[in-house]
Amino acid sequence: MATDGSSNGTPEKTRPTRRTRRVRMTGAERREQLLDIGRTLFAEKGFEGTSVEEIAAKAGVSKPVVYEHFGGKEGLYAVVVDREMRQLLEGVTGALTAGHPRELLEQAAFALLDYIERYTDGFRILVRDSPVAQSTGTFASLISDIATQVEDILGMEFKNRGFDQKLAPLYAQALVGMVALTGQWWLDARRPKKAEVAAHLVNLAWHGLDGLEPKPRLIGHRKN
């Protein structure tokens with residue numbers, strides 16, 4: 001009988017032990033990983049509900065690694081928000097390419113709805129009140145930035161119709177705000193379909209502008 005543990009009396013060859021080696025991320029790769037994880041958690045739980053411990057655990061690193069890259073949760077959040085705001089602003093302003101004002105309204109509505117559909121987590125983060133300051137400001141200031149792009153277009157239309165061009169910023173804020181608030185509602189409702197939502201937004205905005213009075217009057221008792 002074999003005494004070396006083999007079944008046929010022949011000594012077994014020693015097999016090399018395989019060790020699982022963890023692939024070490026570069027600093028840039030680790031930073032992107034933490035941003036992706038933070039983005040998901042902030043969208044799901046909000047800023048207050050997310051901890052550095054949870055971010056680190058999801059990334060498989062220690063807390064000091066998060067502090068090393070971002071200085072803490074606030075720094076990570078600020079970068080996430082700044083990226084999302086730039087993404088949305090560039091998407092909307094880049095979409096405004098048409099010559100006809102009505103088509104420009106369609107493009108603006110679609111650009112925001114496209115962003116909500118494609119970057120749902122990012123939009124959820126943006127519509128929350130931000131606990132820290134970012135270089136591009138709050139969601140309200142982002143809407144203001146987009147409205148500035150629309151303001152120039154409205155200004156030209158107002159001039160052609162003999163309206164007061166100084167009121168273009170007010171109407172731009174109203175139009176962009178209408179689309180943004182509808183987008184917040186559609187974020188969870190997702191009904192009707194995107195194209196139908198865009199069509200109804202443009203229907204209200206365009207026909208409202210089409211019947212615009214140069215000097216609107218109040219019909220109620222209150223005048224100031």
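Residues numbered from 1 in each chain as written. Predicted model: local features only at pLDDT ≥ 70, side-chain atom pairs only at ≥ 80, totals over all residues. Heavy atoms only, no water.

- Under an unreviewed UniProt entry, the name given to the protein is TetR/AcrR family transcriptional regulator, and the source organism is Streptomyces yaizuensis.

### A closer look at the overall build of the protein
So, step 1. Of regular secondary structure, the protein possesses nine helices and zero strands.
So, step 2. Seen in sequence order, the protein has helices and strands lined up from the N terminus as α-α-α-α-α-α-α-α-α.
So, step 3. Residues classed as buried in the protein amount to 37% of the 224 residues present.
So, step 4. Across the protein, the fraction of contacts at a sequence separation of at least 24, relative to all contacts at a separation of at least 6, is 67%.
So, step 5. Within the structure as shown, the protein displays about 14500 Å² of accessible surface, and the carbon and sulfur contribution to it stands at 51%. (Helix = DSSP H or I, 4+ residues; strand = E, 2+ residues; numbered from the N terminus. Buried < 20%, exposed > 50% of the residue type's maximum accessible area, 1.4 Å probe, protein only. Contact = heavy atoms within 4.5 Å. Areas by Shrake-Rupley, 256 points an atom, 1.4 Å probe, with all protein chains shown as cover.)

### Here's the deal with the nonpolar core
So, step 1. The biggest cluster of nonpolar side chains holds 58 residues, and the ones touching the most others in it are L34, I55, L88, L126, F139 and L154.
So, step 2. Top contributing element to this core by residue count: helix α8 (residues 168–189), with nine residues.
So, step 3. With near-sequence residues (within four places) excluded, L34 lies in contact with I55, A59, V61, V65, V66, H69, F70 and L76.
So, step 4. By size, the runner-up hydrophobic cluster in this structure holds five residues, among which are L96, A98, L104 and A108. (Core = buried A, V, L, I, M, F, W, Y, C linked by side-chain atoms within 4.5 Å.)

### Things to note about empty space enclosed by the protein
With a probe scaled to a water molecule rolled over the atoms, the places where space remains empty come into view.
So, step 1. Counting across every chain of the model gives three cavities of 30 Å³ or more.
So, step 2. Put simply, the largest cavity is a space of about 350 Å³.
So, step 3. Forming the walls of the largest cavity are 28 residues, and the residues nearest its centre are L105, V150, L154, L175 and L209.
So, step 4. Among the elements of the structure, α5 (101–118), α7 (139–161), α8 and α9 (194–210) are those that each provide at least two residues to the lining of the largest cavity.
So, step 5. The element contributing the most residues to the lining of the largest cavity is α7, with eight residues.
So, step 6. Counted by class, the lining of the largest cavity contains 26 nonpolar, no polar and two charged residues.
So, step 7. Considering only enclosed or pocket space, the second largest cavity measures out at about 50 Å³ in volume.
So, step 8. F158, F163, D164, L167, Y171, L212, E213, P214 and P216 are the residues that line the second largest cavity. (1 Å grid on protein atoms, 1.4 Å probe; cavity = no way out; pocket = protein on both sides within 12 Å on 5 of 7 lines; lining within 4 Å. Points joined across faces, edges and corners; volume = space filled by probe spheres on them. Nonpolar A, V, L, I, M, F, W, Y, C, P; charged D, E, K, R; others polar.)

### Quick look at helix α4 (residues 73–95)
Because the α-helix completes a turn every 3.6 residues, residues three or four places apart line up on one side.
So, step 1. Relative to the 33 Å expected for 23 residues at 1.5 Å per residue, α4 spans 33 Å between its end C-alpha atoms, a close match to the ideal helical length.
So, step 2. The complete set of buried residues in α4 reads K73, L76, Y77, A78, V80, V81, D82, E84, M85, L88 and V92.
So, step 3. On its buried side, α4 packs onto α1 (27–49), α2 (52–59), α3 (63–70), α5, α6 (120–126) and α7. (Expected span 1.5 Å × (residues − 1).)

### Topic: the side chain of K73
So, step 1. Position of K73 relative to the elements: it lies in helix α4.
So, step 2. Despite its burial, K73 remains without a salt bridge, the nearest opposite charge being carried by E48 at 4.9 Å.
So, step 3. Other than its neighbours up to four places away in sequence, K73 contacts F42, F47, E48, T50, S51 and V52. (Lys, Arg positive; Asp, Glu negative; His and termini not counted. Salt bridge = Lys/Arg side-chain N within 4 Å of Asp/Glu carboxyl O.)

### Some remarks on the packing of aromatic side chains
How two aromatic rings sit relative to each other is given by the distance of their centres and the angle of their planes.
So, step 1. The final tally for this structure, using the stated rule, is seven aromatic pairs.
So, step 2. Each ring, one from F42 and one from F47, has its centre 6.2 Å from the other, and the planes form 25°; the classification is stacked.
So, step 3. With centroids separated by 5.0 Å and ring planes inclined at 75°, the aromatic side chains of F47 and Y77 adopt a geometry described as edge-to-face. One end of the pair, F47, is in helix α1; the other, Y77, is in helix α4, and 30 residues separate them in sequence.
So, step 4. Taking NZ or CZ as reference, K73 lies 4.3 Å from the ring centre of F47, over its face.
So, step 5. One residue, R190, lies across the ring of W186, its end atom 5.0 Å from the ring centre. (Phe/Tyr/Trp six-rings, centres within 6.5 Å; stacked < 30°, edge-to-face > 60°. Lys NZ or Arg CZ within 6 Å of the ring centre and 35° of its normal.)

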